[in-house]
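Survey of secondary and tertiary structure
So the chains spell out like this:
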Amino acid sequence: MSADFSIDALPPIPRPGRVLLTSPDHFRVEYVINPHMAGNVGDVDPSIARRQWDALKDTYERLGMEVNVLAGIPDLPDMVFCANQSLPYQTPGGELGVVLSRMHAAQRKPEVEHYERFFGSVGYEVQGLDPDLPGDFEGMGDAIWHPGRYLLWGGYGYRTDRQVYERFAEKLGFPVIALELTDPDFYHLDTCLCPIDEETALYYPGAFTDEGIAAIKAHFRRTIEAPEDDARERFACNAHSPDGEHVLIQAGSATTNDLLRAGGYEPVELDTSEFLKSGGSVFCMKLMYW
Ligand code: ARG
């Protein structure tokens, strides 16, 4: 898990082309497991949530991505955040697999089996965390592949435990850089780090240690810093670039969007206000796989 290498030395991996979404039929805020949910219990408008989710789906389709939809399940109100239950991977040899999460909150644990079944049905090698490994892991909420390279960025501290990444490195051979998260509003790595392409990441430095910031700057030639209000209130770093060109992002992050445009990217503003009530936006509402 040493960060002492050059990105160019890592094997190239194609960008994933398929998007998995989970339908928002049963999305609600029913409990509080992160600071953003406080005060929002019972507050989701299901018809607005549906329209916002439809717009996200349309956007991926318009960008030419293959979109697959898993049906949401009653009594699993957070299942719509389908970045969290698993980590799909492709090895440099081309093998496809997925590591299933061990969700931190009891309320979310039953979500995982639905993704286990999905990945079994599309021919992925499916594995769980080793039973002897203590601690939890929340999939692509905390573990994000570097675009185009075989390198995993692993956030830890709130939902995922650091030892999980040590085990991934030892057992699965993943090259991992682990990043400690330091602010409970940014409880998943995908709330504060958004890799856009091989060279560039959008991030919010206030959610990381000095060591973490140094690691991000060492491996992305260019970093774009989201200002605090965009990052904290509008989840600007929970954006997603499926192609290194468009950046799907919560509407209203004006400063961040200007910075993205200045960097040559095209922000695609989407309103995810109902999902922000639960502490999630674009990135965690989808799962990319190959
Ligand atoms: N209410 C969900 C939770 O706290 C939101 C998850 C959002 N996902 C994310 N990757 N940020 O677990």
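About the criteria used
Residues numbered from 1 in each chain as written. Predicted model: local features only at pLDDT ≥ 70, side-chain atom pairs only at ≥ 80, totals over all residues. Helix = DSSP H or I, 4+ residues; strand = E, 2+ residues; numbered from the N terminus. Buried ≥ 20, exposed ≤ 12 C-beta atoms within 10 Å, placed from the backbone. Contact = placed C-beta atoms within 7 Å. Near = placed C-beta within 6 Å. Nonpolar A, V, L, I, M, F, W, Y, C, P; charged D, E, K, R; others polar. Arc of directions from axis to C-beta. Pairing = 2+ DSSP bridges. Axes fitted to C-alpha atoms, helices over the stretch in contact; angles between N-to-C directions.

1. Some remarks on the overall build of the chain
Check the secondary structure of the chain and you find seven helices and 14 strands. Counting only C-alpha atoms and orienting by the principal axes, one finds that the chain spans roughly 50 × 45 × 35 Å. Across the 290 residues in the chain, those meeting the buried criterion constitute 47%. If you take every contact in the chain between residues at least 6 apart in sequence, the share linking residues at least 24 apart comes to 65%.

2. Observations regarding the site of the ligand
In the vicinity of the ligand lie 16 residues, with G141, H188, S278, G280 and C284 positioned nearest. Of the residues assigned to the shell around the ligand, the class counts are five nonpolar, eight polar and three charged.

3. A closer look at helix α3 (residues 162–172)
Residues V164, Y165 and F168 constitute the buried set of α3. The buried residues of α3 occupy an angular sector of 100° when projected down its axis, which confines them to one face. Seen from the buried face of α3, the exposed residues on the opposite side, beyond 90 degrees, are E170 and K171. Packing partners of the buried residues in α3 comprise β7 (152–156) and β8 (176–180). Backbone geometry just downstream of α3 places G173 in the positive-phi region, at approximately 75°.

4. Some remarks on the sheet that holds strand β9 (residues 193–195)
The three strands are arranged β9-β10-β11 in an open sheet whose pairing can be described as mixed. The open sheet has two free edges, formed respectively by β9 and β11 (222–225), since each of these has just one partner strand. Neighbouring strand axes in the sheet, compared pairwise and without regard to direction, differ in orientation by 20° on average.

5. Details of the environment of Q52
You can see Q52 is positioned in helix α1 (residues 46–62). Spatially, the C-alpha atom of Q52 lies 8.0 Å from that of E274, the residues being 222 residues apart in sequence. With residues up to four places along the chain from it excluded, the contact list for Q52 reads D271, T272, E274 and F275.

6. Description of the sheet that holds strand β14 (residues 287–289)
Read from one edge of the open sheet, three strands run β2-β1-β14, paired in mixed fashion. Two strands lie at the open edges of the sheet, namely β2 (66–70) and β14, each paired on one side alone. Neighbour-to-neighbour, the strand axes of the sheet open up by a mean angle of 30°, direction not taken into account. Bridge count between strand β1 (residues 18–22) and β14: three bridges; the pairing is antiparallel. The partner of V19 across the bridge, within β14, is M288.

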